[in-house]
Amino acid sequence: MAGNREFFYRRLHSLLGVIPVGLFLVQHLVVNHFATRGPEAFNRAAHFMENLPFRYFLEIFVIFLPLLFHAIYGLYIAFTAKNNVSRYNYFRNWMFMLQRLSGIITLIFVTWHVWETRVQAAFGAEVNYEMMANIVDNPMMLGFYVLGIISTVFHFSNGLWSFFVSWGITVTPRSQQISTYVTMAIFVALSIVGIRAILAFA
Amino acid sequence: MMSEKKTVRFIITRQDRPDSPPYEEEFEIPYRPNMNVISALMEIRRNPVNAKGEKTTPVVWEMNCLEEVCGACSMVINGKPRQSCTALIDHLEQPIRLEPMRTFPVVRDLQVDRSRMFDSLKKVKAWIPIDGTHDLGPGPRMPERKRQWAYELSKCMTCGVCLEACPNVNSKSNFIGPAPLSQVRLFNAHPTGAMNKAERLEAIMGDGGLANCGNSQNCVQSCPKGIPLTTSIAALNREVTIQAFRNFFGSDQV
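Residues numbered from 1 in each chain as written. Chains lettered and ligands numbered in written order. Predicted model: local features only at pLDDT ≥ 70, side-chain atom pairs only at ≥ 80, totals over all residues. Heavy atoms only, no water.

Chemist: I tried to follow the domain arrangement of chain B on my own but got confused; where do I start?
Modeler: Interfaces are often sized by the amount of accessible area the parts lose when they come together. All names here are of chain B. Parsing chain B into structural domains produces domain 1 (2-112) and domain 2 (115-249). Here domain 1 and domain 2 have C-alpha centroids that lie 31 Å from each other. Roughly 1,000 Å² is buried in total at the junction of domain 1 and domain 2, and carbon and sulfur atoms are behind 59% of that figure. Its largest share of buried area at the contact with domain 2, domain 1 owes to Pro81, Thr103 and Phe104, together 48% of the area lost on that side. Inspection of the region where domain 1 meets domain 2 yields 1 salt bridge. As a salt-bridge pair, lysine 225 and glutamate 68 come within 3.4 Å of each other at their nearest N and O atoms. (Domains from an automatic or database assignment. Buried area = accessible area lost by both parts, 1.4 Å probe. Salt bridge = Lys/Arg side-chain N within 4 Å of Asp/Glu carboxyl O.)

Chemist: What is the right way to look at the UniProt feature "binding site: heme" (unreviewed entry) in chain A in this model?
Modeler: Residues and elements named next belong to chain A. Within this numbering scheme, the UniProt entry marks His28, His70, His113 and His155 as carrying the feature "binding site: heme" (unreviewed entry). Locating histidine 28 in the fold gives a position in helix 2 (residues 21-32). Among the secondary structure elements, histidine 113 is positioned in helix 5 (residues 91-122). A relative accessible area of 17% places histidine 113 in the buried class. Setting aside its immediate chain neighbours within four residues, histidine 113 contacts His28, Arg118 and Tyr145. (UniProt positions renumbered as here; feature names shortened; annotations may be inferred. Helix = DSSP H or I, 4+ residues; strand = E, 2+ residues; numbered from the N terminus. Buried < 20%, exposed > 50% of the residue type's maximum accessible area, 1.4 Å probe, protein only. Contact = heavy atoms within 4.5 Å.)

Chemist: Explanation requested: the UniProt feature "transmembrane region" (unreviewed entry) in chain A in the structure shown.
Modeler: Residues and elements named next belong to chain A. The positions UniProt marks with the feature "transmembrane region" (unreviewed entry) are residues 12-34, 54-76, 97-115, 142-169 and 181-201. The straight-line gap between the two end C-alpha atoms of residues 12-34 is 32 Å; of that span, 83% is helix and 0% is strand. Overall, residues 142-169 shows 89% helix and 0% strand. The separation of its end C-alpha atoms is 38 Å.

Chemist: Before we go on, may I ask you to explain the interface of chain A and chain B in this structure?
Modeler: Contacts between the two partners involve 31 residues from chain A, matched on the other side by 37 residues from chain B. Both sides together, the interface formed by chain A and chain B hides about 2,900 Å², and carbon and sulfur atoms give 48% of it. Taken together, the connections running from chain A to chain B amount to 1 salt bridge. With its nearest N and O atoms 3.4 Å apart, the salt bridge here joins B:Glu99 to A:Arg87. Where chain A packs against chain B, one counts 20 residue pairs in polar contact (both at pLDDT 80 or more). Within the side of chain A that touches chain B, the residues separate by chemical class into 13 nonpolar, 11 polar and 7 charged. (Polar contact = N/O pair within 3.5 Å; in protein donor to acceptor, adjacent residues only side chain to side chain. Nonpolar A, V, L, I, M, F, W, Y, C, P; charged D, E, K, R; others polar.)

Chemist: Honestly, unusual backbone geometry in this entry has me stumped. Any pointers?
Modeler: Glycine aside, the phi torsion of most residues is negative, and most peptide linkages are trans. Note the cis peptide between A:Ile19 and A:Pro20, where omega equals 5 degrees. Examined against the element boundaries, A:Pro20 turns out to sit in the loop between helix 1 (5-18) and helix 2. With an omega dihedral of 0 degrees, the bond running from B:Gln94 to B:Pro95 counts as a cis peptide bond. Along the chain, B:Pro95 turns up in the loop between strand 4 (80-83) and strand 5 (96-99).

Chemist: Just to check I follow, could you spell out the packing of helix 1 of chain A against helix 2 of chain A for this structure?
Modeler: Residue and element names in this part refer to chain A. Running from N to C, helix 1 and helix 2 cross one another at 15 degrees; their axes reach a closest spacing of 3 Å. The pairing of helix 1 with helix 2 is recorded here as roughly parallel in orientation. Contact residues: helix 1 offers Leu16, Gly17 and Val18, while helix 2 offers Val21, Gly22 and Leu23. Each residue belonging to the contact of helix 1 with helix 2 can be placed in one class, and the counts come to 4 nonpolar, 2 polar and no charged. (Axes fitted to C-alpha atoms, helices over the stretch in contact; angles between N-to-C directions. Parallel < 35°, antiparallel > 145°, perpendicular 65-115°, else oblique.)

Chemist: Quick question: what am I supposed to make of the sheet that holds strand 3 (residues 74-77) of chain B here?
Modeler: Within a sheet, each strand pairs with its neighbour through backbone hydrogen bonds, oriented either parallel or antiparallel. Residues and elements named next belong to chain B. Strand order in the open sheet formed by 5 strands is 2-1-5-3-4, and the pairing between neighbours is mixed. Looking at which strands have only one partner, the edges of the open sheet turn out to be strand 2 (23-30) and strand 4. Averaged over all adjacent pairs, the angle separating strand axes in this sheet is 35 degrees, with direction ignored. The pairing of strand 1 (residues 7-14) with strand 5 spans 3 bridges and is classified as parallel. In the sheet register, phenylalanine 10 faces strand 5, and the bridge partner there is isoleucine 96. Sheet contacts for helix 1 (residues 37-46): strand 1, strand 2, strand 3 and strand 5; angle to strand 2, the most-contacted strand, approximately 95 degrees. (Pairing = 2+ DSSP bridges.)

Chemist: Is there a simple way to think about the side chain of A:Glu116 in this case?
Modeler: Residue and element names in this part refer to chain A. Here glutamate 116 lies in helix 5. Here glutamate 116 sits buried without a salt bridge, and the closest side chain of opposite charge, arginine 118, lies 14 Å off (N-O distance). What glutamate 116 contacts, discounting residues up to four positions off in sequence, is Met131, Ile135, Met141 and Tyr145. (Lys, Arg positive; Asp, Glu negative; His and termini not counted.)

Chemist: Can you walk me through the environment of B:Asn168 in this structure?
Modeler: The topology assignment puts B:Asn168 in the loop between helix 4 (161-165) and helix 5 (178-189). Taking the relative accessible area as the measure of exposure, B:Asn168 reaches 5% and is therefore buried. Once the C-alpha coordinates of B:Asn168 and B:Asn215 are considered, the two residues, 47 residues apart in sequence, prove to be 9.3 Å apart. Leave out the neighbours within four places in its chain, and B:Asn168 touches A:Ala81, A:Phe96, A:Arg100, B:Ser173, B:Phe175, B:Asn212, B:Cys213 and B:Gly214. A distance of 2.8 Å separates a polar side-chain atom of B:Asn168 from the backbone oxygen of B:Asn212.

Structure (structure tokens):
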């Protein structure tokens, strides 16, 4: 593998974005959706997740380490690009730019979100419906969360499209086109799930 | 009306030396029917006087075949990289803006140094080794259907337009760009070339290789030869995935 570091890191970055980070995102949005069934339903679901066996192991190896690598290497990728959508006004070039932009917005959002919830929980706060309701009580924060959720879901969905290309699954233009439709449908569907959940706290 | 127009206006980005700052100079030259950018540049070379009527140095550019097969005369024309030999004046909005392809080091005016592409072709072994110490005999035959398919990939003239369009080919990255990658697919498709397939794949799995592609797909939109560059890249992605598995887990297909 000597001399192949860049190839390895790029592929690892692509893989980790989907497995496990992407899967965790979907799970997280689905669990949050319990909020639409009322505070009690959400608290029960959150409590269940909180009491999963091997919680710290799962958090470290399924969430934090992969997320940290994906974020840091992703920043490097984002800042080595020289965006040129004004000169090359093509759909995929826009998606290329938006993937990098949404990655940066998502990183800011997720950092803030982890600080506000998981880190506060480590300091002794209880993560429940009330905590989120207090956060999004502020319309500014609600707006920030809506933007953050849409950005995160876009980054995941469009990243899924790139994942299929990067691993050589979608090769023909036709399969890449269909993949665009499918991943954008995922973007819309997951956005609805995420926005419904956050609005349930507001 | 095009035919009544007496002159053609140009705004050309010029640069005297590789390390000197670029500047713009305007030119107004007499219109002739069926002109292309090259014949206009030849007119400027013949009579190097700018739009203000001042005598200036002739604009430097490169050209060779004049029929869009050599790639030498590539430059950015009205914002898009393309060959100046096939850029017809009648089809261009005026004033016509000419710039060098800045992805490459500028030598002078519109002339750039495309060496990095030729270095990349060496790096990825974009040739078929047939020399030996004795006659190796004829190689395996190539099916006609495959030859026709491969011909499309062989149209690449190393013009540099795809590198110019790619957001990931820039001074901050060492990405070799779409053109040399597609050549790996071409030479790996050849029955004799396939004997060195793994070597080429491993070359593009190195630094600045295939994995640097960010799928903006500007290359396939910009290629003057219509080469399916993004299909090549995706096909190679599949090949290197398999190659990486072989390298790590082991395989008898050396």
